[in-house]
Amino acid sequence: MKTPFRGFTAILLKEFTVIFRDPTTLFFMFFPPLIQIIAFGYALDNDVKHMATVVLNQDRTAESRQWVEKFVDTQTFRVVAEVNSVDELSSAIRAGKAYVGLQIPPDFTRNLHAGRGAQVQVLIDGSSSTIALQALQTSMGLALRESLTTVMREARRTEMPIEVRPQILYNPTMKSANFFVPGVMGIALQIATVFATALSLVRERERGTLENLLVAPLSRWGFMLGKLTPYLLISMTMATCIFLVARWVFGIPIRGDVRALFLATFLYVFTMLSLGLLISSRAQNHMQALQMTMALLLPAVFFSGFIFPIETMPKFFQWISTLIPATYFIGLMRAIMLRGASVAEYWFSFAVLAAMGAGLFSLCVIRFRQRIA
Amino acid sequence: MPAATMIACEALTKRFGHFTAVDQVSFAVAKGSIFGFLGPNGSGKSTVIRMLCGLLEPSAGRAHIAGFDVARQTEDIKPLIGYMSQKFSLYDELTAHENLNFYGRLYGLRGAGLRRRYAELVALTHLAPYLNRRAALLSGGWRQRLAMACSLMHKPSVLFLDEPTAGIDPVARRELWDLLFEFSSQGMTLFVTTHYMDEAERCSHVGYIYMSKLVVCGEPDDLKQLPIVNPANTKRLDVTCEQVTVGLQAVRQLPGVRTATVFGQSMHLLVDASLSEDFLRAELARVKISHADIRPIAPSLEDVFVALTNNENGASA
């Protein structure tokens, strides 16, 4: 009667009944990830557009007004006010009424016509580097383009001496949701999965039902698999919902093989659920389980490439990122969804996730002691 | 022919760091008997049960259940034992029906075997009206019955009950004991911890653990004959009177009264054999207790444990 998985069916059925009997568990598994996806897909957009701009036009000519229009035409700037002094200009930025101040000096048109370097002053609020960078690039680009047009007209040339023809592959419109949503899938899934299993075993310990399980003749493998499987099925269902939202609500393309997508998700979810069980088998109570989970999940937010590119991190943090399952999963999601990558091209990430999953699960089975002390 | 030994402990010891929770406890429990394990809170009762169930590893000494070593042959023991922990741990979200089926499946029961055993236990514990109620909504007595039925699904040979009657009303307590006697008569060995002396009196054997050590172990009637409980030239008297507490203060001062304890409406005295009942009555009259009913009694189990505890405290002081 000593099969290696004895007790599996009993635990599996019980766990399913308990989960569906208590809808709050299900709610907290499904709700936060969907909110996160929607938040990151809609609200969090680093395509900066129409930033508030104040204008100080001391030249007051038709040309100078035309130049202000050229700034507005880039879609990056939006004039919120015209001011009359440099003081007003800088105080508007300091007060947070505008990110950018555009100053056109009195001799602008005169210098322009005379062929002397005409100057435009652009003040940029550097407190948000993303916004500052965008304003800087747009205004520099504008100046460069206008200068080149003038120079070429004077030299009577119609073609650029050198031309760069950039082509953005896989995300041609540079939509930031395409970058964020695959990342947030990794983060949202890990929170839901790790918490679910981390709390499930601790709950048994706190209620005293764990003792009853420990005196029963069930195997550790059967016990752990019985605990993990229901959450695995629920998590896969949840992942499917997230894919549907990503595809049909945010129009994120899925260019690669859907089976590859699900294989990656399966390995990732299994790994994270095992991590939750491992936490659970160590923690003595709810509080400890929550703290351990937070401590283990937080690094993934910063070092998984979810927001900040791993390549630009110092070596030490790059090394940390290689230990985080979310790093591989997020990489795989972007590769498969946006670039249509195949399993063969990304076999290493698949292998790492599989190894992490198998390793963590075995560890929690082996470390789980069938005694209470 | 003496019954086979079901549980045997030899110098069983458990240390937690520097604290010795169970100190060289040795005893044997015969098959089919009801063994009552008594002792104050924190004396080591639950630790002994947990070692016997394989939940805790003994620090020293050995214990066997049905011939299997509890430390090394845990897996062989598990199918043989049932364990009802202090908190009647049940799954609150599950109904009584689901709890029973879960514990049945956990022990490998399925199909017709599971259904048959389920029906037997429902009939035995009268749980039928409550089967579809969630465990969380059952009252203490019914939770206890359900927990016991759950621990019996696999027909264990030994059932460990850790304070099964704590927080249960008197009727439910009596009914539980009726069930225990029935199991015992079917050959099941029962190992019960309790604080209630009336329950201890009903056990076929009792062990008393105090400050991690097993102080005494035997049949209740034998324990009452122990010399330490019945010192030479003494007798035990039951004095029933009004205002027992006033009477107690008075008799405690008297020469020849060794111990005096209140038992409900009466007091139990251990006095010199030479002390006369008339003398007692006269002394009680001095504190305005005009009528007292005095009769000789045999020691109760409580007297046994009080005597043993005093003796232990005296020895260690």
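Residues numbered from 1 in each chain as written. Chains lettered and ligands numbered in written order. Predicted model: local features only at pLDDT ≥ 70, side-chain atom pairs only at ≥ 80, totals over all residues. Heavy atoms only, no water.

## Section: the packing of aromatic side chains
Residue and element names in this part refer to chain A.
- Under the defined criterion, the tally for this structure stands at 30 aromatic pairs over all chains.
- Where Phe-16 meets Phe-20, the ring centres are 6.0 Å apart and the plane angle is 15°; that geometry is what we call stacked. Taken as a pair, Phe-16 and Phe-20 lie in helix 1 (residues 8–21) at a separation of four residues, close to a single helical turn.
- Phe-16 gets classed as partly exposed once you look at its relative accessible area, which sits at 22%.
- Phe-20 gets classed as exposed once you look at its relative accessible area, which sits at 51%. (Phe/Tyr/Trp six-rings, centres within 6.5 Å; stacked < 30°, edge-to-face > 60°. Helix = DSSP H or I, 4+ residues; strand = E, 2+ residues; numbered from the N terminus. Buried < 20%, exposed > 50% of the residue type's maximum accessible area, 1.4 Å probe, protein only.)

## A short note on the sheet that holds strand 4 (residues 121–124) of chain A
Residues and elements named next belong to chain A.
- Across the sheet, four strands lie side by side as 2-1-3-4; this open sheet has mixed pairing. Both outer strands of the open sheet, strand 2 (77–82) and strand 4, are each paired with one neighbouring strand and no more. On average, each strand axis in the sheet is tilted by 30° relative to the strand beside it, whichever way the strands run.
- Looking at chain direction, strand 1 (residues 51–57) and strand 3 (residues 100–104) are connected through five bridges and run parallel. Across the sheet, Leu-56 pairs through a bridge with Gln-103, a residue of strand 3.
- Sheet contacts for helix 4 (residues 86–94): strand 1, strand 3 and strand 4; angle to strand 3, the most-contacted strand, approximately 165°.
- Against the sheet, helix 6 (residues 129–154) makes contact with strand 1, strand 2, strand 3 and strand 4, and its axis sits at roughly 165° relative to strand 4, the strand it touches most. (Pairing = 2+ DSSP bridges. Axes fitted to C-alpha atoms, helices over the stretch in contact; angles between N-to-C directions. Contact = heavy atoms within 4.5 Å.)

## Quick notes on the sheet that holds strand 14 (residues 292–296) of chain B
All names here are of chain B.
- Read from one edge of the open sheet, four strands run 12-13-11-14, paired in antiparallel fashion. Of all strands in the sheet, those with a lone pairing partner are strand 12 (257–263) and strand 14, marking the two edges. Direction aside, neighbouring strands of the sheet carry axes that sit 25° apart on average.
- Summarising the sheet, strand 11 (residues 234–241) and strand 14 pair through five bridges and their orientation is antiparallel. Paired with Val-239 across the bridge in strand 14 is Ile-294.

## Quick look at the domain arrangement of chain B
- According to the domain assignment, chain B contains domain 1 (5–219) and domain 2 (234–298).
- If you average the C-alpha positions of domain 1 of chain B and of domain 2 of chain B, the two centres end up 40 Å apart. (Domains from an automatic or database assignment.)

## Quick notes on helix 3 (residues 96–106) of chain B
- Across the eleven residues that make up helix 3 of chain B, a large majority, eight, are buried.
- Taken residue by residue, helix 3 of chain B has Ala96(B), Asn99(B), Leu100(B), Asn101(B), Phe102(B), Tyr103(B), Gly104(B) and Leu106(B) as its buried positions.
- Turning to helix 3 of chain B, the residues buried within the fold contact helix 1 and helix 8 (209–214) of chain A together with helix 4 (111–125) and helix 5 (140–152) of chain B.
- Just beyond helix 3 of chain B, the residue with positive phi is Gly108(B), at close to 85°.

## Considering helix 9 (residues 220–249) of chain A
All names here are of chain A.
- Helix length check: helix 9 (30 residues) gives 42 Å between terminal C-alpha atoms against 44 Å at 1.5 Å per residue, within 8%.
- At Leu-228, helix 9 shows its largest kink, close to 25°, and the proline Pro-230 lies no more than four residues downstream.
- Looking one or two places after helix 9, you find Gly-251, whose phi comes out positive at around 60°. (Expected span 1.5 Å × (residues − 1). Bend = angle between axes of the 7 residues up to and from the residue.)

## Some thoughts on the pattern of salt bridges
- This model, assessed by the stated rule, comprises 28 salt bridges over all chains.
- Notably, a salt bridge pairs Arg21(A) with Glu98(B), separated by 2.8 Å at the nearest N-O pair. Taken together, the residues Arg21(A) in helix 1 and Glu98(B) in helix 3 connect one chain to another.
- Exposure remark for Arg21(A): the relative accessible area of 23% places this residue in the partly exposed category.
- Through salt bridges with shared partners, a single ionic network connects Lys14(A), Glu15(A), Glu204(A) and Lys227(A). (Salt bridge = Lys/Arg side-chain N within 4 Å of Asp/Glu carboxyl O.)

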